[in-house]
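# Structural features, examined
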Amino acid sequence: MPTAVQSLTTAARNAWAISPLGPGIEQYDGLPATVLSDAPHRRLSRYDRTTPATAPRPVLLVPPLAVSARCFDLRPGQSLAAHLLESGRATYLVDYGAIGFADRAMGFETWMDDILPTAIHAVLDDHAEAGDRADGVDLVGWSLGGTLSLLTAAAHPDLPIASLTAFGTPIDYSLIPAVQPLIVADRLLGSRAVTAPTAALGGVPRHVVRASYRAMAPRRELTKAYHLAKNILDAETLARTTAIDGFIAEMPGYPGRAYHQIHTRLMVRNELATGTVQLGRDRKVSLGDIRTRVLFVGSETDNIADGPAVRAGADVVPGARYAAADGLSHLGLVAGPRAAQVSWPVMDEFLG
């Protein structure tokens, strides 16, 4: 048992480490990876392996908009990418990088017609160069990353997508309490008035995105100081908390057109729940056109995209399944300390 002096020394060391001037409680630079291509908003990397992949198909990780790609490799023990590698899968990541005013014209079409199809074909080509030919790529998306993957699979049914796993991807936005104030404001004021600020700014600036994400978990933010003080001797707990803070601090912004589509098409008109998303005057994307296997994974305790909103996907995507991973938060579905026991095994079974 540590003495009082030892405990005080540990507390002081940890307090300094997590302070704004400190070095941090844990140094983690992420899994080693090889960059295959580095074009703007579509950096494609392959996580390095020490042994050959044994799974028949490669996996492409698809992050959401306005979120750091660190979501799939948060820290040791909370890395979906590491889990996939350990499962014998060749694992790739597409990273959109920083989003600014110059990117305001980027919409869903940019991802479903260009970024994701290009990444899928590049993954298959790289996999083949390693001597492993596959009939398709397994897409794994989180939150809006799942949305982008679904729209891509629907718009291009001929793409070599072997399966699609969507963690915490909302389909029925009418079932998400957090977005109801925006929907009410839109009905009262109109979409043009509600989206005017983001139109002027070219999207949602990164600082607003970060503040909004924190506001979605008010209890965590209000009790964080107490939580850190209470666990000042527990380096593991401190590392988990500060890793999330670092993740939030790296969030980029939303491009203007994409945010407008999210607001009007997904939230206000709830078009995903109807099965058809209208993109422009002459283009509709129907989830009924998806021809690949789809798994939705959700949690009743997700305060951003709760279970019922995600479960609705099984009603509009042909043959799709829903699996409950209750007890996990939104980020916790892919990077929580309990994901390895609750949500990742569901994905493993589906991919297998």
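The structure this text deals with has already been given above.
Description of the structure in this document. Because the structure is predicted, anything quoted here is derived from the model rather than measured.

## Focus: the overall build of the chain
For the chain, the count of helices and strands is 17 helices and twelve strands. At 21 Å, the chain has a C-alpha radius of gyration in line with the 20 Å of a compact globule built from 352 residues. For the chain, buried positions account for 51% of its 352 residues. Contacts in the chain between residues at least 24 apart in sequence constitute 76% of all its contacts with a sequence separation of at least 6. Accessible surface, the chain as shown: approximately 15,800 Å² in total, 56% of it carbon and sulfur. Side chains of the chain carry 32 positive and 35 negative charges; the gap between the two charge centres is 5 Å.

## Some words on the pattern of salt bridges
Think of it this way: side chains of opposite charge can pair up when their charged atoms draw near. Using the criterion set out here, one finds nine salt bridges in the structure. Note that Asp114 is salt-bridged to Arg42, the shortest N-O span being 2.8 Å. Within this pair, whereas Asp114 is found in helix H3 (residues 108-129), its partner Arg42 is found in the loop between strand E1 (33-37) and strand E2 (43-47), the two being separated by 72 residues in sequence. By relative accessible area, which is 21% here, Arg42 ends up partly exposed.

## A word on unusual backbone geometry
Notably, Ala66 is not glycine yet its phi reads approximately 60°, a positive angle. If you trace the backbone, Ala66 turns up in the loop between strand E3 (59-62) and helix H2 (80-86). Residues other than glycine seldom take positive phi values, yet Asn270 does so here, at roughly 50°. For Asn270, the location among the structural elements is in the loop between helix H11 (256-268) and helix H12 (271-274).

## Here's the deal with the side chain of Asn270
For Asn270, a relative accessible area of 14% puts it in the buried group. In contact with Asn270, other than residues within four places in its own chain, are Ile171, Asp172, Tyr173, Ser174 and Arg265.

## A short note on the packing of aromatic side chains
Counted under the stated rule, the structure contains two aromatic pairs. When the centroid spacing of 5.4 Å and the interplanar angle of 85° are considered together, the rings of Tyr96 and Trp111 count as edge-to-face. Pair noted here: Tyr96 is in the loop between strand E4 (91-95) and H3 and Trp111 is in helix H3, with a separation of 15 residues, a long-range link. Of the residues examined, Trp111 reaches a relative accessible area of 0% and is grouped as buried.

## Observations concerning helix H17 (residues 344-351)
Buried within H17 we find Trp344, Val346, Met347, Phe350 and Leu351. Along H17, the residues classed as buried sweep out an arc of 160° about the axis, all on the same side.

## So, the packing of helix H5 (residues 180-189) against H11
Two elements in contact, H5 and H11, have axes separated by 10 Å at closest approach and are oriented at 90°. Accordingly, the angle class assigned to the pair H5 and H11 is roughly perpendicular. Contacts from Leu182, Ile183, Asp186 and Arg187 in H5 reach Tyr259, His263, Met267 and Val268 in H11.

## Points about the sheet that holds strand E12 (residues 321-324)
Sheet architecture is open: eight strands sit in the order E1-E2-E4-E3-E5-E6-E11-E12, paired in mixed fashion. Bordering the open sheet on either side are E1 and E12, each of which pairs with just one other strand. Sheet twist, expressed as the mean angle between neighbouring strand axes with direction ignored, is 25°. With six bridges joining them, strand E5 (residues 137-142) and strand E6 (residues 161-167) adopt parallel strand pairing. Paired with Gly141 across the bridge in E6 is Ala166. The strands touched by helix H4 (residues 144-155) are E3, E5, E6 and strand E11 (293-298); relative to E5, the strand with the most contacts, the crossing angle is about 140°. Against the sheet, H17 makes contact with E3, E5, E6, E11 and E12, and its axis sits at roughly 165° relative to E6, the strand it touches most.

## Things to note about the side chain of Thr264
With respect to the element layout, Thr264 can be found in helix H11. Under the relative-accessibility criterion, Thr264 is labelled buried at 4%. Side-chain polar atoms of Thr264 contact the backbone oxygen of His260, separated by 2.7 Å. Leave out the neighbours within four places in its chain, and Thr264 touches Ser191 and Arg269.

## Brief notes about the nonpolar core
The biggest cluster of nonpolar side chains holds 56 residues, and the ones touching the most others in it are Leu60, Leu150, Phe296 and Val317. Ranked by size, the runner-up nonpolar core spans 40 residues in total, among them Leu61, Leu74, Leu85 and Leu333.

## Some thoughts on a nonpolar patch on the surface
A surface patch of nonpolar side chains, amounting to about 330 Å² of accessible area, comprises Val184, Leu188 and Leu189. The topology assignment puts Leu188 in helix H5.

## With respect to the pairing of E6
Counting buried residues in E6 gives six out of seven residues, a clear majority hidden from the surface. Where the polypeptide runs from E5 across H4 and back to E6, its parallel neighbour, the crossover connection is right-handed. Looking at chain direction, E6 and E11 are connected through five bridges and run parallel. For Phe167, the partnering residue across the bridge sits in E11 and is Val297.

Rules of the game
Residues numbered from 1 in each chain as written. Predicted model: local features only at pLDDT ≥ 70, side-chain atom pairs only at ≥ 80, totals over all residues. Heavy atoms only, no water. Helix = DSSP H or I, 4+ residues; strand = E, 2+ residues; numbered from the N terminus. Rg over C-alpha atoms; globule rule 2.2 N^0.38 Å. Buried < 20%, exposed > 50% of the residue type's maximum accessible area, 1.4 Å probe, protein only. Contact = heavy atoms within 4.5 Å. Areas by Shrake-Rupley, 256 points an atom, 1.4 Å probe, with all protein chains shown as cover. Lys, Arg positive; Asp, Glu negative; His and termini not counted. Charge placed at Lys NZ, Arg CZ, Asp CG, Glu CD. Salt bridge = Lys/Arg side-chain N within 4 Å of Asp/Glu carboxyl O. Phe/Tyr/Trp six-rings, centres within 6.5 Å; stacked < 30°, edge-to-face > 60°. Arc of directions from axis to C-beta. Axes fitted to C-alpha atoms, helices over the stretch in contact; angles between N-to-C directions. Parallel < 35°, antiparallel > 145°, perpendicular 65-115°, else oblique. Pairing = 2+ DSSP bridges. Polar contact = N/O pair within 3.5 Å; in protein donor to acceptor, adjacent residues only side chain to side chain. Core = buried A, V, L, I, M, F, W, Y, C linked by side-chain atoms within 4.5 Å. Patch = residues over 30% accessible without salt bridge, like charges linked within 9 Å, V, L, I, M, F, W, Y side chains within 5 Å. Right-handed = clockwise from strand over helix to strand, strands pointing away.

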